[in-house]
Amino acid sequence: MAAAFLLVAVVYGLVGQPWLKTLPSYFFQTLILLLFGTGLLYVYLYRFNRQDLFVHIYLLSMVVKLLAYGAYNFIMIMNDEAGAVANVAWFMLLYLIFTLLEIVFLYRKISR
């Protein structure tokens, strides 16, 4: 959660720079979707105690996330074609950050 607030603060600080004039139109919606999607998945997997099924459940959750995020991106692009590049770039940046955080924390759990 703190990482999301820090990320918002950094992006707001960058707005107005020559290469970043305005925020993407789906700035907060994307942030909230990825924050809660990744957070819920992390909490579920962290509390999951069956080590023999952990990899299967993780891979299944990744497929579900990719399908849901693909649908979200499709809707986002159809609703705002002019800002589609900025919105998808913002989505991809957040997806990368939250997925890396999720992997790091889950790796720490399974390596104990």
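Residues numbered from 1 in each chain as written. Predicted model: local features only at pLDDT ≥ 70, side-chain atom pairs only at ≥ 80, totals over all residues. Heavy atoms only, no water.

Visitor: Looking at this structure, I do not really get the pattern of salt bridges. What am I missing?
Guide: In total, this model carries two salt bridges according to the counting rule given. The salt bridge involving E102 is made with K65; its shortest N-O contact spans 3.0 Å. Of this pair, E102 sits in helix α4 (residues 84–110) while K65 sits in helix α3 (residues 54–79), and the two are 37 residues apart along the sequence. Like E102, the residue K65 is buried in the burial classification. (Salt bridge = Lys/Arg side-chain N within 4 Å of Asp/Glu carboxyl O. Helix = DSSP H or I, 4+ residues; strand = E, 2+ residues; numbered from the N terminus. Buried < 20%, exposed > 50% of the residue type's maximum accessible area, 1.4 Å probe, protein only.)

Visitor: Help me understand the packing of helix α2 (residues 27–47) against α3 in this model?
Guide: Angle between the axes and distance between the axes are the two parameters that describe a pair of packed helices. Interhelical geometry of α2 versus α3 gives an angle of 170° and a closest axis separation of 11 Å. In terms of axis orientation, α2 runs roughly antiparallel to α3. Counting all contacts with α2, which are made through Q29, T30, L33, L34, G37, T38, L41, Y44 and L45, the residues of α3 involved are F54, I57, Y58, S61, K65, Y69, Y72 and M76. For the contact of α2 with α3, the per-class residue count stands at eleven nonpolar, five polar and one charged. (Axes fitted to C-alpha atoms, helices over the stretch in contact; angles between N-to-C directions. Parallel < 35°, antiparallel > 145°, perpendicular 65-115°, else oblique. Contact = heavy atoms within 4.5 Å. Nonpolar A, V, L, I, M, F, W, Y, C, P; charged D, E, K, R; others polar.)

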